[in-house]
Amino acid sequence: MKNKYALVFCITILITLVTGCSTTPAPTDMQVDIEPASTPVESQAEPTPDVLVLEDGLGRMISFDSPPRRIISLAPSNTEILFAVGAAGQVVGRDEYSDYPTEALEVTSIGDTYGELNTEAIVTLEPDLILVAEITPIEQIEALNGLGLKVFQIANPMTFEDLFVTLETVAKITGWEETAVDLIDALRARVTTVETTVAEATRVRVFYEVDGSDPTAPWTTGAGTFQQVLIEMVKGENIAGDLEGWGPMNLEQIVERDPEVILFGEGPWVPTTSESIAERTGWARIDAVVNGRVYGVDTNWIDRPGPRLVDALERFAEVVQPDLFK
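Read on for an overview of the structure. (Residues numbered from 1 in each chain as written. Predicted model: local features only at pLDDT ≥ 70, side-chain atom pairs only at ≥ 80, totals over all residues. Heavy atoms only, no water.)

**With respect to the sheet that holds strand E7 (residues 151–154)**
In step 1: Here we have four strands laid out as an open sheet, ordered E5-E4-E6-E7, and parallel in their pairing. Looking at which strands have only one partner, the edges of the open sheet turn out to be strand E5 (91–94) and E7. Neighbour-to-neighbour, the strand axes of this sheet turn through a mean angle of 25°, independent of strand direction.
In step 2: With three bridges joining them, strand E4 (residues 71–73) and E5 adopt parallel strand pairing. Counted as the bridge partner of Ile72 is Gly93 from E5.
In step 3: On top of the sheet, helix H2 (residues 76–85) reaches E4, E5, strand E6 (129–133) and E7; it is set at about 125° to E6, its chief contact. (Pairing = 2+ DSSP bridges. Helix = DSSP H or I, 4+ residues; strand = E, 2+ residues; numbered from the N terminus. Axes fitted to C-alpha atoms, helices over the stretch in contact; angles between N-to-C directions. Contact = heavy atoms within 4.5 Å.)

**Concerning the pattern of salt bridges**
In step 1: For the structure shown, the criterion picks out twelve salt bridges.
In step 2: The residue Arg308 makes a salt bridge to Glu80 at a minimum N-O spacing of 2.6 Å. Separated by 228 residues along the polypeptide, Arg308 in the loop between helix H11 (299–303) and helix H12 (309–320) and Glu80 in helix H2 bring together distant segments of the chain.
In step 3: Relative accessible area serves as the criterion here: at 4%, Glu80 is assigned to the buried category.
In step 4: With its nearest N and O atoms 4.0 Å apart, the salt bridge here joins Lys326 to Asp323.
In step 5: On the accessibility criterion, Lys326 (86% relative accessible area) is exposed.
In step 6: Judged by its relative accessible area of 61%, Asp323 is exposed. (Salt bridge = Lys/Arg side-chain N within 4 Å of Asp/Glu carboxyl O. Buried < 20%, exposed > 50% of the residue type's maximum accessible area, 1.4 Å probe, protein only.)

Geometric descriptors of this kind do not, in isolation, establish any biological role.
As structure tokens, then:
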């Protein structure tokens, strides 16, 4: 099931814009010079508390009177974000695949979210917020709303700035906005370092393998995916750049376009290795194989759109432009 889940994550990360957020300002009293009233004026009511109103990934405006104290995360990326911004203590439930950071494993699991949700387990935890992601089927979201639960969807980022907006949004919701500033600044600095270092680098032909179950036509990634963004940011040229989204690419095309670097999603449930790629029939003539430039990248860094996307960027940079990152 984990193998299936990893692939679902990889092929469901689509181009989306992380929507902006706004707050509804609290009413304020205006001071004006007036003549004293001839009769006593009743004191005004206390101003209403600030209400945070944010737009989620589905374009819905969701209001928060106060930071939620009992949060359930239904996606590993959301769990990572909650822990990263400082809201770990507010997470009372997680999906079965939320295993990072390791402390997340101590949070109650509501089970597998691939298929029908265990709504009984969710309701029992009495959440005041459920964070879902783009991988969460709309039917599940509607079912949760039907139970009277507050649901907020986190959209997949299209760029690193989108990622930073997502982190800011979750920090605002959970009451950790000030704490998250240092996190975001540190991540932004790491991205800037990579961009500055590769600014004058020469383009390198790159092939990224999502799934190599069929080595004669492995699944790869093209335009409109975050892998494409990462490749371009490190001055790579994706040989599958004419492909929209994810799909198979036949061996003849790969050999003809002759990538100088091959990257593949690496994980404990992924059988592919640098050695197994080099041993594939017909792959020995590819430049990347000839020169030993075949590298694995932790699939969770990319498949889970959270802070570790920056780790993925740095890994791409180190193997695509090794002379600049010695």
